[in-house]
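# Reading the structure
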Amino acid sequence: MRYVQFWVEPSGGLIAEGISNGHLDAVRALSERDEALLRAAHWREPTGSANPNWWTEAHGRTEIPELIAMAEHAVRHVLGEEPTNRVTMRSWALAPHEESSDRARHEARAMYHDALRSLRRDLDGI
């Protein structure tokens, strides 16, 4: 699954993540051109477990429109989606976390939830 996802901080900050090759098979992997487009659009490169995907952040209302434009560019020009393609959106609220925001973001990522669903399917088959 190729995607862009968002995290809203309690302070109002917004973080966008675009899938990286660390989570894609060879058929769906981002090309060197795709990654160059992300760099040129000022997306930050994946940096291990804290930020395993391409990412960018906005703080305050004046930066959010730029982040949204970056996300649209990634979806249209990197992931290759067209305006007529079907879009799937999922949203969920999390209980307040006492641990770090990075830990909460990790547990909210689509790949984390996909792994839990896969584990549940495996266990249900026992």
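Along each chain, the written sequence defines residue order, and numbers are assigned to residues from 1. Thresholds applied to this predicted model are a pLDDT of at least 70 for local features of residues and 80 or more for the giving and counting of side-chain atom pairs; totals over whole chains, interfaces and linings are not thresholded and use all residues. Side-chain numbers here rest on the full set of heavy atoms in the structure, without hydrogens or water.

Turning our attention to the overall build of the protein. What counts as a helix is a DSSP run of H or I of at least four residues, what counts as a strand is a run of E of at least two, and both are numbered from the N terminus. Of regular secondary structure, the protein possesses four helices and three strands. The order of helices and strands in the protein, counted from the N terminus, is β-β-α-β-α-α-α. We call two residues contacting when some pair of their heavy atoms lies within 4.5 Å. The long-range fraction of contacts in the protein, counting pairs at least 24 apart against all pairs at least 6 apart in sequence, stands at 59%. Summed over its atoms, the accessible surface of the protein is roughly 8600 Å², and 54% of this surface lies on carbon and sulfur atoms. Throughout, the Shrake-Rupley method with a 1.4 Å probe supplies accessible areas, and for residues the shown protein chains are the sole cover considered.

With that settled, the discussion passes to the nonpolar core. Throughout, nonpolar core names a set of buried Ala, Val, Leu, Ile, Met, Phe, Trp, Tyr and Cys residues whose side chains join them through atoms within 4.5 Å. Accessible area is worked out with a 1.4 Å probe on protein chains only. A residue is then buried under 20% of its type maximum, exposed over 50%, and partly exposed in between. With 18 residues, the main nonpolar core has Val4, Leu30, Leu38, Trp43 and Leu79 as its most contacted residues. Those elements that provide at least two residues to this core are β2 (14-18), β3 (54-58) and α2 (64-78). At five residues, α2 tops the list of elements feeding residues into this core. For Trp43, the residues in contact, after removing those within four places along its chain, are Val4, Ala16, Glu17, Gly18, Leu38, Trp54, Trp55, Thr56, Met70, Ala71 and Ala74.

With that settled, the discussion passes to the pairing of β2. Burial runs high along β2: five of the five residues are buried. Burial along β2 is two-sided: the residues Leu14, Ala16 and Gly18 and Ile15 and Glu17 are all buried. Bridge count between strand β1 (residues 4-8) and β2: five bridges; the pairing is antiparallel. When the sheet's bridge partners are listed, Val8 is paired in β2 with Leu14. DSSP calls a pair of strands paired once it identifies at least 2 bridges connecting them. The turn joining β1 and β2, which pair antiparallel and follow one another in sequence, is formed by five residues; a positive phi near 100° is taken by Gly12. Where β2 meets β3, five bridges bridge the pair, whose relative direction is antiparallel. Across the sheet, Ile15 pairs through a bridge with Glu57, a residue of β3.

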